[in-house]
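Residue-level structural notes
Here is what each chain is made of, one letter per residue.
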Amino acid sequence: MTKNETSALRHVAAGEVLFHSGLWGVPMGFLWAGGDGLSAGRLPQWAADAVVVLERRGLVAIRAVAGARDAAVRVTEAGMRQLGGVGAR
């Protein structure tokens with residue numbers, strides 16, 4: 001796992017990443033989650049690319065939500081095991 005992927009996995013584990021479906025407002029993509037759980041800006045491209053790789057590997061998943069709300073990105077069990085192997089904080 002690359003440094004960027006490890007960093008992105010830690011951000012997801014901390015509940016800091018959302019997925020926006022593109023149904024309203026901004027284009028589809030990954031966003032930072034603010035302290036209130038709402039969108040707090042777009043992830044930088046390197047982080048968004050890393051989250052896509054993590055999702056393909058089954059280490060993170062996007063929680064399904066109804067409507068146009070932003071969905072939380074969550075770490076899967078496999079992702080938690082991976083974090084344990086890289087010295088999760």
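Placed above this text is the structure.
A brief report on the enclosed structure follows. (Residues numbered from 1 in each chain as written. Predicted model: local features only at pLDDT ≥ 70, side-chain atom pairs only at ≥ 80, totals over all residues. Heavy atoms only, no water.)

**What to know about the nonpolar core**
Nonpolar side chains tend to gather and get buried jointly when the protein is soluble and globular. Counting residues in hydrophobic clusters, the biggest one holds 17 residues, and the most contacted among them are Leu 9, Val 12, Phe 30, Leu 43, Val 51, Val 60 and Val 73. Of all the secondary structure elements, the ones that give two or more residues to this core are α1 (3–13), β1 (17–20), α2 (45–56) and β5 (71–75). Here the element with the most residues in this core is α2; it accounts for five residues. Setting aside anything within four residues of it in sequence, one finds Leu 43 in contact with Val 17, Phe 30, Leu 31, Trp 32, Ala 48 and Val 51. (Core = buried A, V, L, I, M, F, W, Y, C linked by side-chain atoms within 4.5 Å. Buried < 20%, exposed > 50% of the residue type's maximum accessible area, 1.4 Å probe, protein only. Helix = DSSP H or I, 4+ residues; strand = E, 2+ residues; numbered from the N terminus. Contact = heavy atoms within 4.5 Å.)

**Comments concerning α2**
Here α2 is 12 residues long and its end C-alpha atoms lie 17 Å apart, about the 16 Å a rise of 1.5 Å per residue gives. Three or more residues of α2 are buried, namely Ala 47, Ala 48, Ala 50, Val 51 and Leu 54. Seen from one end, α2 has its buried residues packed into an arc of 160 degrees, which puts them on one side. Looking at α2, the residues exposed on the side facing more than 90 degrees away from the buried face are Gln 45 and Arg 56. Where α2 is buried, its residues touch α1, β2 (29–33), β4 (60–62) and β5. (Expected span 1.5 Å × (residues − 1). Arc of directions from axis to C-beta.)

So, to be careful, I would describe these as geometric facts and stop short of saying anything about function.
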